[in-house]
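The chain contents come next:
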Amino acid sequence: MLVSYKWLNDYVDLDGISPEELADRITNSGIEVEHLSYPGKGLKGIVVGRILSCEPHPESDHLKLCRVDIGTETVQIVCGAPNVAAGQKVPVAKAGAQIGGDVQIGKTEFRGEESDGMICALSELGIDEALAPHAEGIFVFDEDVPTGADALPYLNLDDAILDLDILVNSAHCMNMIGVAHEVAAILDRPLHISKPDPHETGKAAADKISVTVETDDLVPYYGARLMEGITVGPSPCWMQLRLIASGVRPINNVVDIANYVMIEYGQPLHTFDLDAFGSDHVLVRLARQNEIMQTLDSQKRKLTPNDIVITNGKKAEAVAGVMGGESSEVTSSTKKVLLEAAVFDPMSIRKTAQRLQMRTDASSRYEKGVDRNRVTLAADRAAELLTHYASAHVLKGIVEQGARTVPETVITMRWQKINDVLGTSLSPGLIEGILKRLGFGIETEGEIIHVTVPTRRFDVSIPEDLIEEVGRLYGYNRIPATLPEGSSVHAGLTGYQKLCRRTEQFMENAGFYQAFTYSLTTAEHASAFSINHSEEQPVKVIWPMSEEHAVLRQSIVPQLLDVVKYHLNRQMHDVALYEMGKVFLPKPGQARPDEEEHLAGAITGTVSEKSWEDDAQSADFFTAKGVVESLFDSLALSESVTFKPVKRPGMHPGQTADILLDQKVIGYVGAIHPEVQKDLGIRATYVFEIAIEQILRREQPEITYSGLPRFPSVSRDIALVMKRSVPAADLYRVIRENGGPLLQSIRLFDIYEGSHVAEDEKSMAFSLVYYDPERTLTDDEVNKVHGKIIDAVAKECGAELRG
């Protein structure tokens, strides 16, 4: 919400309060001011000029020679704007002035004619061109602006703009009056808001139009005002400039007034050209399946029975609460206006806006909620302004269906509970004063208070809301910081959290960068690359942000692959990423999925650069597998983990293995299938995913220490020939199981396939180290264990000693 400091000053006297101080005090009250900007910063030498004459340039068919009175003198300025004309009052940058972009203006010459300054468009003064009412022309002041005066105040460029971060619990500040109430309470100053006078004529609107609402549950109130004798034209400059300061582009006086009142009151309004509307009856209903309507942005929209539409009894003329229809748009020829002021169901508006991808200023306000008791006030304010600035004749009364107002909420509680929760000792008088500053009514009965909450504060409904209001107005920074009483206060990490941190540190030490991705994905990707395939459907979100974020993920790998693609598309060819995050696993018979922490990694490109002594090394299956093995080694679990070759959807059939902990699958590692890589537009990429929570929540083995060896160890190399289908892991297991306590370590140092070995066989060479910490081993002892190992691998793996 963009808030103009000058506009706000109309409602609350800000004398003595600078924009910076106001921003700080609003932020300290619980509504963050994200940014404070000064639109006129850096501008100087800009004055109001009056164009005395405007003649064609003798050497150009589009330039004009303008004689301009700038107050102190009359100067000649060459101007190429299509809308420049004699008699206009315009912003003029004098010679020596500075305009937007720190551009200096000096005397110059255009095709032989001197130009002493510049007549400015708003975009040349730093205003976003998309917001300028005359995108291709100069800005023209109202006639009452004094010639020669400093132009910045009349352009609102001496203003300050506060950008408020409006969350759901601060939706009452999505309008200027709401912000004014807030600021008045913060500063403890009076509020100045006058009641609008619609200047109704003697004719009754109900004699001209009628309203029927078929969906009372979704449209609790619908009101329509009727105005005749409309003259459509530009809105007054002050209104245009306030709209621009609020981020809204001026269109014409009728549309601008509707937008202005929406920003002022927070109540979206819509204006229909009644003659183009094609009926004197307004019917509010649900759309028909596949009903087509062309909206104001010239797009044809396919509607569903979940969408509310405003119709003329036959066809839809507006998508309720979102956008009007092009066929009944207000144009320069409009004479009769039907003004809509209604209340629509927030959930319905949100779903429609999301499905149609039409998030508008109106829909965002309806989604967060509007003040039901201020709807007709907003309609009256618009009628008042249309009377003044569009020559409207406002017909008497509002044609409506539904209750105009709703009762205010009354909250009853012990006043002492406020102190109990906040940890303060505020007096009843101070609490009462804070609530009254907020505009709340209060009655006291001993220890009990009855607080009447105005309907504009629809975010306040329970005692805890009142406590928050008192706390933020009193000042969170004034509440003492204390720890809970007792000796059980512990602010350290849990054992599980420490292991998570340790795992993250290991991954970063291994050269991986941490990624954070959405837990929401598409239905197509939700169950892709999951560790354990489930027949259960992935969990869908009721109100997704978009189709790309509609389903809870069961694996982290798809999102990591998207991040890899993002980096590769930006010429970052060497990528190593990891993420520790939640996956959501549906279970039969459970309404909610199980949440489980997983660790996933992805690596592609080069893992070591070429140097004078080594060639460059690219990532491969063993790179990813080595990281996983080292991780388990750091957790003292390497002896319990094995790898088993498997085929998985989306993975390379010859370079993928399941990770087993105590013979239970807890993850996988491998290469992405070449076809998947081609579809994604990525190069050879290797991934792993581990159900890390299952591992870290296990009872962790105690760390033991061994003294330095006092006796020599014995090394024996063994070369074995076996079928190529026998995995090295099986040999490791058999050797470890039969080596007994004397076998200290096993290392595979060679794999050979080629001559002197059958085509379906391979040779693997291991280095075995035997050691006893208490004595020196004899050859007989080592030979006995070594022979047992050779017999075991021959029996269980079909491996023979290589001759």
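Given the structure is predicted, the values throughout are model-derived calculations rather than measurements.

Engineer: Would you mind showing me how to read the packing of aromatic side chains here?
Structural biologist: The description of an aromatic ring pair rests on the distance of the ring centres and on the angle between the ring planes. Under the criterion given, the structure shown has 9 aromatic pairs. Geometrically, the ring pair formed by tryptophan 238 and tyrosine 260 is edge-to-face, given 5.5 Å between the ring centres and 85° between the ring planes. With tryptophan 238 in helix H4 (residues 237-245) and tyrosine 260 in helix H5 (residues 253-265), the pair connects residues that are 22 residues apart, well separated along the chain. The exposure class assigned to tyrosine 260 is buried, which follows from its relative accessible area of 1%. Seen from their ring centres, phenylalanine 344 and tyrosine 366 are 5.2 Å apart, and the 70° between their planes marks the pair as edge-to-face. Taken together, the residues phenylalanine 344 in the loop between strand E22 (337-343) and helix H7 (346-356) and tyrosine 366 in helix H8 (residues 361-368) connect sequence positions 22 residues apart.

Engineer: I tried to follow the nonpolar core on my own but got confused; where do I start?
Structural biologist: Within soluble globular proteins, side chains that are nonpolar generally end up buried alongside one another. Ranked by internal contacts, the top residues of the largest apolar core, which has 119 residues, are Tyr222 and Phe344. Take this core: its biggest share by element is 9 residues, from helix H3 (residues 176-187). Leaving out residues up to four positions away in the same chain, phenylalanine 344 has contacts with Leu218, Val219, Tyr222, Ile308, Ile310, Ala320, Gly321, Ile349 and Tyr366. Of all hydrophobic cores here, the second largest spans 34 residues; its members include Tyr496, Phe506, Val641 and Leu696.

Engineer: Mind showing me how you'd approach the packing of H7 against H8 here?
Structural biologist: Each pair of packed helices can be described by the angle between their axes along with the distance between the axes. Interhelical geometry of H7 versus H8 gives an angle of 145° and a closest axis separation of 7 Å. As H7 runs across H8, the sense of the crossing is left-handed. Contacts between H7 and H8 involve Pro346, Ile349, Arg350 and Ala353 from the former and Ser363, Tyr366 and Glu367 from the latter. Looking at the contact of H7 with H8 residue by residue, the classes come out as 4 nonpolar, 1 polar and 2 charged.

Engineer: I tried to follow the pairing of strand E11 (residues 161-164) on my own but got confused; where do I start?
Structural biologist: Every other side chain in a regular strand lies on the same face of the sheet, so the side chains alternate between the two faces. Inspection of the sheet shows strand E1 (residues 2-4) paired to E11 by 3 bridges, in the antiparallel sense. Bridge assignment links valine 3 to a residue of E11, and that residue is leucine 162. Relative to E11, strand E2 (residues 33-37) runs antiparallel, the two sharing 4 bridges. Across the sheet, the residue bridging to serine 37 is isoleucine 161, located in E11.

Engineer: What is the right way to look at the sheet that holds E2 in this model?
Structural biologist: Neighbouring strands of a sheet are bound in pairs by backbone hydrogen bonds; such pairs are parallel or else antiparallel. Pairing is antiparallel in the open sheet, where 3 strands are placed in the order E1-E11-E2. Sheet topology places E1 and E2 at the edges, where each strand pairs with a single neighbour. Each adjacent strand pair in this sheet contributes to an overall mean axis angle of 25°, direction not counted. Sitting on the sheet, helix H2 (residues 19-28) touches E2 and E11, and the angle it makes with E2 is about 175°.

Engineer: Would you explain empty space enclosed by the protein in this entry?
Structural biologist: Where empty space is left becomes clear once a probe the size of a water molecule has been rolled over the atoms. Counted under the stated rule, the structure contains 2 cavities of 30 Å³ or more. Roughly 110 Å³ of internal volume is contained in the largest cavity. Forming the boundary of the largest cavity are 14 residues, of which Asn175, Gly266, Gly369, Val370 and Asp371 lie nearest the centre. A class-by-class count of the residues in the lining of the largest cavity yields 5 nonpolar, 5 polar and 4 charged.

Engineer: Explanation requested: unusual backbone geometry in the structure shown.
Structural biologist: Residues other than glycine predominantly adopt negative phi, and peptide bonds predominantly adopt the trans conformation. Backbone geometry places arginine 111, a non-glycine residue, at a positive phi of 50°. The class of arginine 111 is exposed, set by a relative accessible area of 52%. Residues other than glycine seldom take positive phi values, yet histidine 199 does so here, at roughly 55°. Along the chain, histidine 199 turns up in the loop between H3 and strand E12 (200-204).

Engineer: Just checking my understanding: could you explain the layout of surface pockets for this structure?
Structural biologist: When its volume is computed, the largest pocket comes out at roughly 1,400 Å³. At the level of elements, helix H16 (621-634), strand E35 (641-645), strand E36 (651-661), helix H19 (728-739), strand E40 (743-752) and strand E41 (761-770) are the ones that each hand at least two residues to the lining of the largest pocket. The element contributing the most residues to the lining of the largest pocket is H16, with 8 residues. Considered class by class, the residues forming the lining of the largest pocket number 17 nonpolar, 9 polar and 11 charged. Put simply, the second largest pocket is a space of about 750 Å³. Forming the boundary of the second largest pocket are 29 residues, of which Val255, Asn259, His270, Leu296 and Met323 lie nearest the centre. Residue contributions to the lining of the second largest pocket peak at 4 residues, all from H5. Of the residues assigned to the lining of the second largest pocket, the class counts are 17 nonpolar, 7 polar and 5 charged.

Engineer: Looking at this structure, how should I read the sheet that holds E40?
Structural biologist: Spatial ordering of the open sheet is given by E40-E41-E39-E42, a layout of 4 strands whose pairing is antiparallel. On the outer flanks of this sheet lie E40 and strand E42 (800-801), each paired with one strand and no other. In terms of strand pairing, E40 meets E41 through 8 bridges, oriented antiparallel. Bridge pairing in E41 links isoleucine 746 to leucine 768. Running at roughly 150° to E40, H19 makes contact with strand E39 (714-723), E40 and E41 of the sheet. With respect to the sheet, helix H20 (residues 779-797) is in contact with E39, E40, E41 and E42, its orientation differing from that of E39 by roughly 15°.

Engineer: It is not clear to me how the environment of leucine 191 should be interpreted in this structure. Could you clarify?
Structural biologist: Mapped onto the secondary structure, leucine 191 falls in the loop between H3 and E12. In this structure the C-alpha to C-alpha distance between leucine 191 and lysine 396, which are 205 residues apart in sequence, comes to 30 Å. When near neighbours in sequence (up to four residues on either side) are disregarded, leucine 191 contacts Tyr11, Val12, Ala180, His181 and Ala184.

Engineer: It is not clear to me how the pattern of salt bridges should be interpreted in this structure. Could you clarify?
Structural biologist: Oppositely charged side chains can form a pair if their charged atoms are brought close together. Tallying each qualifying case throughout the model produces 37 salt bridges. Across the pair arginine 350 and glutamate 367 runs a salt bridge, and its minimum N-O distance is 3.5 Å. With arginine 350 in helix H7 and glutamate 367 in helix H8, this pair connects stretches of sequence that are 17 residues apart. Accessibility expressed as a relative area gives 15% for glutamate 367, which makes it buried. A salt bridge links glutamate 693 to arginine 697; its shortest N-O distance comes to 2.9 Å.

Conventions and cut-offs
Residues numbered from 1 in each chain as written. Predicted model: local features only at pLDDT ≥ 70, side-chain atom pairs only at ≥ 80, totals over all residues. Heavy atoms only, no water. Phe/Tyr/Trp six-rings, centres within 6.5 Å; stacked < 30°, edge-to-face > 60°. Helix = DSSP H or I, 4+ residues; strand = E, 2+ residues; numbered from the N terminus. Buried < 20%, exposed > 50% of the residue type's maximum accessible area, 1.4 Å probe, protein only. Core = buried A, V, L, I, M, F, W, Y, C linked by side-chain atoms within 4.5 Å. Contact = heavy atoms within 4.5 Å. Axes fitted to C-alpha atoms, helices over the stretch in contact; angles between N-to-C directions. Left-handed = near helix turned anticlockwise from the far one by under 90°. Nonpolar A, V, L, I, M, F, W, Y, C, P; charged D, E, K, R; others polar. Pairing = 2+ DSSP bridges. 1 Å grid on protein atoms, 1.4 Å probe; cavity = no way out; pocket = protein on both sides within 12 Å on 5 of 7 lines; lining within 4 Å. Points joined across faces, edges and corners; volume = space filled by probe spheres on them. Salt bridge = Lys/Arg side-chain N within 4 Å of Asp/Glu carboxyl O.

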